[in-house]
Amino acid sequence: MELIVLDTAEQIAERAADAIEELLTTKPDAVLGTATGSSPLPLYDELTRRCEAGRISFKDVTGFMLDEYVGLPEGHPERYATFMERNLRSRVDMRPGALHGPDALNPDLQAACDEYEATMAAAGYCDLQILGIGADGHIGFNEPGGPLDSSTHIDVLTEQTRRDNARFFDGDIDAVPTHCITQGLGTIMKARTLVLIATGENKAEAVRQLVEGEVSAEWPATVMQNHADALVLVDPAAAGLLSTH
C-alpha cells in the first residue's frame, strides 16, 4: 500500500486522475469502480476537464458503483445513481447505461445483491476502484464488524454514518436511509487497483488505522493492507495522526 500526502484536494484529484488516465491509455475499455460522497468530487471535476480536453475518453468504459441507499425513490437527488449521473456519467463521454449500480428498488434485495455481484463477475470485476473512507473506517458501506471477505450484500448504516451523511439531507438524520446495498470487502479487493481518497481531520483516525493499525473488521478499510496495488491519497489534515507524518 502506497501512501501519498498532498497539500490540497485538487492535487489529490490530479494524482488520482493520473492513475485513471494511465489505465485508460493502456486499456480504453477498462472497468472503473466509482465512489460517492464529497471526497471524489474534485476527482470527477478533473476527469471531466481531461475528457473535454481530449486527453481521456470514457466511451468504451464500463462503470460499477460501490453502493446504493435502500428506500430512496428513483430520481431522488441523493440516490447514488442520481449522484453519479450528475457528477460524472453525464459530464464525460461515457455511454448512457454504461455505469451500473445495485438495484435497491428491487423488492427482493438479496436477489439484487446476487445479480449485481454476478454482473461484476461477468465483467471481470474492476480494473480500478475509487474509494472514500468513512470516519468509522468503512469503505463502500461496509460498516465495522462485518466479514472481511464479504460479497455484495445488504448492510445497516450505523448512527455515525447516518449522522455524517445528514449534511446531504439538509442536516436531517431522519431523512438518511437506514439500509443500503454495498459491494462487499471481498468484492472491492477483487479490483486490480484501489485508489482511496481521504481529506479532512474527521478522517484522521480512520486513516491512522488504515495505514498503521492491524487488519481488523472493526476498521474495515484495513483489509486494503492485503491488496497488491493500493494507493492512498490524503491531505495533511487526514494524515495528522500518523506517526510518520
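Residues numbered from 1 in each chain as written. Predicted model: local features only at pLDDT ≥ 70, side-chain atom pairs only at ≥ 80, totals over all residues. Heavy atoms only, no water.

### Brief notes about the packing of helix α1 (residues 9–26) against helix α2 (residues 41–52)
Working step 1: For the pair α1 and α2, interaxial distance at closest approach is 8 Å and the crossing angle is 55 degrees. With respect to α2, the axis of α1 lies oblique. Seen along the crossing, α1 lies across α2 with a hand that is right-handed. Facing α1, whose interface residues are Ala9, Ala13, Glu14, Ala16, Ala17, Asp18, Ile20 and Glu21, α2 presents Pro42, Leu43, Glu46, Leu47 and Arg50.
Working step 2: Residues belonging to the contact of α1 with α2 are distributed by class as follows: 8 nonpolar, no polar and 5 charged. (Axes fitted to C-alpha atoms, helices over the stretch in contact; angles between N-to-C directions. Helix = DSSP H or I, 4+ residues; strand = E, 2+ residues; numbered from the N terminus. Parallel < 35°, antiparallel > 145°, perpendicular 65-115°, else oblique. Left-handed = near helix turned anticlockwise from the far one by under 90°. Contact = heavy atoms within 4.5 Å. Nonpolar A, V, L, I, M, F, W, Y, C, P; charged D, E, K, R; others polar.)

### Description of the UniProt feature "domain: Glucosamine/galactosamine-6-phosphate isomerase" (unreviewed entry) in the chain
Working step 1: Following the UniProt record, the feature "domain: Glucosamine/galactosamine-6-phosphate isomerase" (unreviewed entry) maps to residues 8–230 here.
Working step 2: Segment residues 8–230 splits into 33% helix and 15% strand. End C-alpha atoms: 20 Å apart. (UniProt positions renumbered as here; feature names shortened; annotations may be inferred.)

### Description of the sheet that holds strand β4 (residues 67–70)
Working step 1: With antiparallel pairing, the 3 strands of this open sheet are ordered in space as β4-β8-β7. Looking at the sheet topology across the chains shown, the edges are occupied by β4 and β7 (153–156). With direction set aside, neighbouring strand axes in the sheet form an average angle of 30 degrees.
Working step 2: Bridge count between β7 and strand β8 (residues 179–182): 4 bridges; the pairing is antiparallel. (Pairing = 2+ DSSP bridges.)

### Details of the packing of aromatic side chains
Working step 1: What the rule picks out here adds up to 6 aromatic pairs.
Working step 2: Considering the side-chain rings of Tyr80 and Phe83, the 6.4 Å spacing of their centres and the 75 degrees angle between planes classify their relative orientation as edge-to-face. Residue Tyr80 and its partner Phe83 are both found in helix α3 (residues 80–87); the two are separated by 3 residues, about one turn of the helix.
Working step 3: You can call Phe83 buried: its relative accessible area is 6%.
Working step 4: Here the aromatic cluster, defined as three or more aromatic residues joined through ring pairs, consists of Tyr69, Tyr80, Phe83, Phe141 and Phe169. (Phe/Tyr/Trp six-rings, centres within 6.5 Å; stacked < 30°, edge-to-face > 60°. Buried < 20%, exposed > 50% of the residue type's maximum accessible area, 1.4 Å probe, protein only.)

### Describing empty space enclosed by the protein
Working step 1: On inspection of all chains with the given rule, the structure shows 2 cavities of 30 Å³ or more.
Working step 2: Taken as a whole, the largest cavity holds about 50 Å³ of empty space.
Working step 3: Of the residues contributing to the lining of the largest cavity, the split by class is 5 nonpolar, 1 polar and 1 charged.
Working step 4: Empty space within the second largest cavity amounts to approximately 30 Å³.
Working step 5: Along its surface, the second largest cavity is lined by Met120, Tyr125, Cys126, Gln129, Gln183, Thr187, Ile188 and Ala191.
Working step 6: Here the lining of the second largest cavity is composed, by residue class, of 5 nonpolar, 3 polar and no charged. (1 Å grid on protein atoms, 1.4 Å probe; cavity = no way out; pocket = protein on both sides within 12 Å on 5 of 7 lines; lining within 4 Å. Points joined across faces, edges and corners; volume = space filled by probe spheres on them.)

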